[in-house]
Amino acid sequence: MDAVLVINADLGPLHRVTVQHAVRMLCRRVAEIHEAEPDRVIGVFPMPRVVRLVRFVVTRWRFNSGPAWSRAGVLRRDDRCCAYCGGSASTIDHILPRSRGGRNTWRNTTAACYACNQRKGDRTPAEAGMPLRREPVNPGWGALAGR
């Protein structure tokens, strides 16, 4: 267990933090354990899986737009599954290569394994003869926080 889900006081997902950060939140009493690992403890606290904030945090900004693009977010959105062969992905690939004006956006990037990323190279999927198994989408906040 490397990350703990933080949920708001109204049970809406916010983000993930490390176990150490979650324990600090518990010690400061800004959060309480909502769900824990059975039979595992850290000091006096059960090993948290989900912590709930004690006070409601206004997250109006979350509904204005989706989460910002990140490499880790792309891998999480695609479940670390290669968009070309379906294998385990460790890199991201730009559908329209950056050398041709492709940007770091949710719709222009996808998870890819190293072999497929190298095979595709500086070409579009159509030029490389490597069709995408799924179309990239803009994820919502819940899609990235809930995993």
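Every value quoted in this text rests on a predicted model; they were computed, and no experiment measured them. (Residues numbered from 1 in each chain as written. Predicted model: local features only at pLDDT ≥ 70, side-chain atom pairs only at ≥ 80, totals over all residues. Heavy atoms only, no water.)

## Focus on the overall build of the chain
Secondary structure summary: the chain contains five helices and six strands in total. Counted from the first residue to the last, the chain has its helices and strands arranged as β-β-α-β-β-α-β-β-α-α-α. The C-alpha atoms of the chain give 19 Å as radius of gyration, which overshoots the globular expectation for 147 residues (15 Å, by more than 25%). The principal-axis extent of the C-alpha atoms belonging to the chain is close to 55 × 35 × 20 Å. By residue count, 39% of the 147 residues in the chain fall in the buried class. In the chain, of all internal contacts separated by at least 6 residues, the share reaching a separation of at least 24 is 55%. Surface accessibility of the chain: about 8800 Å² in total, with carbon and sulfur atoms responsible for 52%. Across the chain, the 24 positively charged side chains and the 12 negatively charged ones have centroids separated by 5 Å. (Helix = DSSP H or I, 4+ residues; strand = E, 2+ residues; numbered from the N terminus. Rg over C-alpha atoms; globule rule 2.2 N^0.38 Å. Buried < 20%, exposed > 50% of the residue type's maximum accessible area, 1.4 Å probe, protein only. Contact = heavy atoms within 4.5 Å. Areas by Shrake-Rupley, 256 points an atom, 1.4 Å probe, with all protein chains shown as cover. Lys, Arg positive; Asp, Glu negative; His and termini not counted. Charge placed at Lys NZ, Arg CZ, Asp CG, Glu CD.)

## A word on helix 1 (residues 19–28)
Taken together, the buried positions of helix 1 are occupied by V19, A22, V23, M25 and L26. Considered in projection along helix 1, the buried side chains sweep an arc of 155° and stay on one side of the axis. Pointing more than 90 degrees away from the buried face of helix 1 are the exposed residues Q20, C27 and R28. Residues of helix 1 that are buried sit in contact with strand 1 (4–7), strand 2 (13–17), strand 3 (31–42) and strand 4 (45–53). Of the residues trailing helix 1, R29 is marked for its positive phi of about 60°. (Arc of directions from axis to C-beta.)

## Structural notes on unusual backbone geometry
Unlike most non-glycine residues, D39 shows phi in positive territory, near 60°. Within the secondary structure, D39 sits in strand 3. The backbone of D79 shows a phi angle near 55°, a positive value even though the residue is not glycine. Relative to the helices and strands, D79 resides in the loop between helix 2 (71–77) and strand 5 (91–94).

## Some words on the UniProt feature "domain: HNH nuclease" (unreviewed entry) in the chain
The residues that UniProt annotates with the feature "domain: HNH nuclease" (unreviewed entry) are residues 69–118. Each end of residues 69–118 is marked by a C-alpha atom, and these two atoms are 22 Å apart; helix forms 24% of the span and strand 16%. (UniProt positions renumbered as here; feature names shortened; annotations may be inferred.)

## Details of the side chain of D93
Mapped onto the elements of the fold, D93 is located in strand 5. Since its relative accessible area comes to 4%, D93 is described here as buried. Side-chain polar atoms of D93 contact the side chain of K120, separated by 3.2 Å. The contacts of D93, once residues within four sequence positions are left out, are Y84, N108, T109, T110, A112, N117 and K120. (Polar contact = N/O pair within 3.5 Å; in protein donor to acceptor, adjacent residues only side chain to side chain.)

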